[in-house]
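# Reading the structure
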Amino acid sequence: MSQRNVEVIRRGLEALSSGDIERIFDFVDPHFEGHVPPELSTEPDTYRGHEGIRRYFQSFWDDMEDIRFEAERMWEEGDAVVVATRMTARGKQTAIPVEQRFGQIWTVRNGRAIAVSNYASVEHALEAAGLANGGDRV
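Residues numbered from 1 in each chain as written. Predicted model: local features only at pLDDT ≥ 70, side-chain atom pairs only at ≥ 80, totals over all residues. Heavy atoms only, no water.

Quick look at the pattern of salt bridges now. All told, the structure shown has 12 salt bridges when counted by the stated rule. A single salt-bridge network, built from bridges that share partners, covers Glu 70, Glu 72, Arg 86, Glu 99 and Arg 101. (Salt bridge = Lys/Arg side-chain N within 4 Å of Asp/Glu carboxyl O.)

So, on to helix 3 (residues 49–63). A rise of 1.5 Å per residue sets the reference length of helix 3, with its 15 residues, at 21 Å; its end C-alpha atoms lie 23 Å apart and thus fit the reference within 8%. For helix 3, the complete set of buried residues consists of Gly 49, His 50, Gly 52, Ile 53, Tyr 56, Phe 57 and Phe 60. (Helix = DSSP H or I, 4+ residues; strand = E, 2+ residues; numbered from the N terminus. Expected span 1.5 Å × (residues − 1). Buried < 20%, exposed > 50% of the residue type's maximum accessible area, 1.4 Å probe, protein only.)

On to the packing of aromatic side chains, then. Tallied over the entire structure, the rule returns 9 aromatic pairs. Taking the centre distance of 5.2 Å and the plane angle of 55 degrees together, the rings of Phe 27 and Trp 106 count as tilted. One end of the pair, Phe 27, is in helix 2 (residues 21–27); the other, Trp 106, is in strand 5 (residues 97–109), with 79 residues separating them in the sequence. Since its relative accessible area comes to 6%, Phe 27 is described here as buried. With relative accessibility at 3%, the residue Trp 106 sits in the buried group. Between Tyr 47 and Tyr 56, the aromatic rings sit 5.1 Å apart at their centres with planes inclined by 70 degrees, giving edge-to-face as the arrangement. These aromatic residues form a ring-pair network of at least three members: Tyr 47, Tyr 56, Phe 57, Phe 60, Trp 61 and Phe 69. (Phe/Tyr/Trp six-rings, centres within 6.5 Å; stacked < 30°, edge-to-face > 60°.)

Read these as layout, nothing more, since geometry by itself doesn't imply function.
What follows is the structure in structure tokens.
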């Protein structure tokens, strides 16, 4: 199995954690589409393109700091990478730490992320990717 897409996502999660919007733009295709469901956000939406990415992260950066995205496990299936993701951050006003675990399906083409769908659980992400039995972990 090729590890290329897994490495793209690893580097991408590092970019997301960097807080550097230009580095994030280098990771995602200009026609990127990201879906955030109501189970994971007070502002669920589909974020499209670089402006959508900017809008999504600006809402984070306004209220949170030390935002980090970590892949706890990954499964590769064709152009898709399913990720068990752990997001941590700290409130700017309160300094209260925040932690959230969720599943993601990233789609990669030509070395860039073209889409991500977020799920309330890793199990739901694996089912959506057709890997309900857990597949081979990377």
